[in-house]
Amino acid sequence: MALNMSVLADLVGETVIDKDAQTTPVADLVQEIGPDGIVGLYFSAHWCPPCRTFTPELIEFYTKFRETDPGRKMDIIFISSDKDEASFKAYLSEMPWKAMLYEEKDRKLKMSKKYGVHGIPTLVFIEADTGKLITTRGREGVGRDPTGKEFPYHPKSLVEILQGELLKGDASVQCDEMLSGKIKAFFFSAHWCPPCEIFTPDLVKTYEKIKADGKNFEIVYVSSDTSEESFQKYYKTMPWLSLPFKDPRIDELSIHFEVEVLAFDLSVFHGFPLLLKKSHSTTPPI
């Protein structure tokens, strides 16, 4: 199958540069990773503390994953938001992958708009020869799956995420049986959160009224509790379903609903209150 070399070049420019200041034609990079190749666009900057935390994790992922068969079909390109070229070069010197040329600022802005990048660090995975978006949540994917088992982190549907057991009081129940065909609310909350504790009794009253009215509705508690003891104590105040404490689906639901920090954000849906997701990001702007 013939590879389209021009799409990635249109995005990042005709050449990319490595930490030794050696340039490589983008066409060669696409050729190297081959058909079905995937490129991670790593939007980051030296001045950004979350970036400085994540970059070593990404380097470890990249180094190990590139030794595997799927990893040989993946590469990463650093897209800099550094404030000057010296900072860009210093930061790139830590990275085993290549970077878009620092002066390609217009291309960075176009890519940010194209893929909806509003803060850093952001890791966007795309198809190398088409530019088609796979996910903008590569950072979270690498964080929860550092071995690359789930790479390239295609977004999961809600049905796929929720497969398995939930709690109903002290009992375990099957998700499909309890949620199929129902309007669902996901309550992101925690025992340590004062606004959450204030709001929860009101939500319980509303939930009980909705259920008494015979509406086909259910709530699932998605916990950010810091201990199982606090989780159990808080969940005993709730009459609805819950994910188990520290269940891996909690992170996946947070990604699905774009919940980055626990916050009190009440919306109205079909006449009753649902706690949906946070409304303010703590991610530094690009």
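Source: prediction; values computed, not measured.

(A) Main features of the side chain of S230. Tracing the chain through its elements places S230 in helix α10 (residues 228-235). With near-sequence residues (within four places) excluded, S230 lies in contact with H191 and D225.

(B) Quick look at the pairing of strand β11 (residues 217-223). Extensive coverage of β11 is indicated by the burial of 7 of its 7 residues. Residues of β11 alternate between two faces, with F217, I219, Y221 and S223 on one and E218, V220 and V222 on the opposite face, all of them buried. Bridge count for strand β10 (residues 183-189) against β11 is 7 bridges, and the pairing is parallel. If you follow A185 over to β11, its bridge partner there is I219.

(C) Representation of the environment of I38 in the model. In this fold, I38 is placed in strand β3 (residues 38-44). Here I38 is in contact with I33, K73, M74, D75, F125, I126, A128, I134, F151 and P152, once residues within four sequence places are set aside.

(D) Quick look at the nonpolar core. Of all hydrophobic cores here, the largest spans 50 residues; its most connected members are L8, V12, L41, Y42 and I77. Looking at which element gives the most residues to this core, the answer is helix α3 (residues 49-65), with 6 residues.

(E) The pattern of salt bridges, seen in detail. On inspection of all chains with the given rule, the structure shows 12 salt bridges. Between R66 and E32 there is a salt bridge whose closest N-O contact spans 3.5 Å. Taken together, the residues R66 in the loop between α3 and β4 (74-80) and E32 in helix α2 (residues 26-33) connect sequence positions 34 residues apart. Linking R107 and E104 is a salt bridge whose minimum nitrogen-to-oxygen distance equals 3.1 Å.

(F) Quick look at the sheet that holds β11. Taken together, the 5 strands give an open sheet; going across it, the order is β9-β8-β12-β11-β10, and neighbouring strands pair in mixed fashion. Of all the strands in the sheet, just β9 (171-174) and β10 have a single pairing partner and so form its edges. The pairing of strand β8 (residues 165-168) with strand β12 (residues 241-242) spans 2 bridges and is antiparallel. Each residue of the ladder has a partner; that of K168, found in β12, is L241. Its contacts with the sheet put α10 on β8, β10, β11 and β12, and the angle it makes with β11 is roughly 155 degrees.

(G) Focus on α2. When we look at burial in α2, the residues that qualify are V26, L29, V30 and I33. Seen end-on, α2 carries its buried residues on one side only, within an arc spanning 95 degrees. In this structure, the buried residues of α2 make contact with α1 (6-12), β1 (15-17), β2 (23-25), β3, β4 and β5 (98-100). Looking one or two residues past α2, G34 carries a phi angle of roughly 75 degrees, positive in sign.

Cut-offs and rules
Residues numbered from 1 in each chain as written. Predicted model: local features only at pLDDT ≥ 70, side-chain atom pairs only at ≥ 80, totals over all residues. Heavy atoms only, no water. Helix = DSSP H or I, 4+ residues; strand = E, 2+ residues; numbered from the N terminus. Contact = heavy atoms within 4.5 Å. Buried < 20%, exposed > 50% of the residue type's maximum accessible area, 1.4 Å probe, protein only. Pairing = 2+ DSSP bridges. Core = buried A, V, L, I, M, F, W, Y, C linked by side-chain atoms within 4.5 Å. Salt bridge = Lys/Arg side-chain N within 4 Å of Asp/Glu carboxyl O. Axes fitted to C-alpha atoms, helices over the stretch in contact; angles between N-to-C directions. Arc of directions from axis to C-beta.

The values are spatial; any link to function lies outside them.
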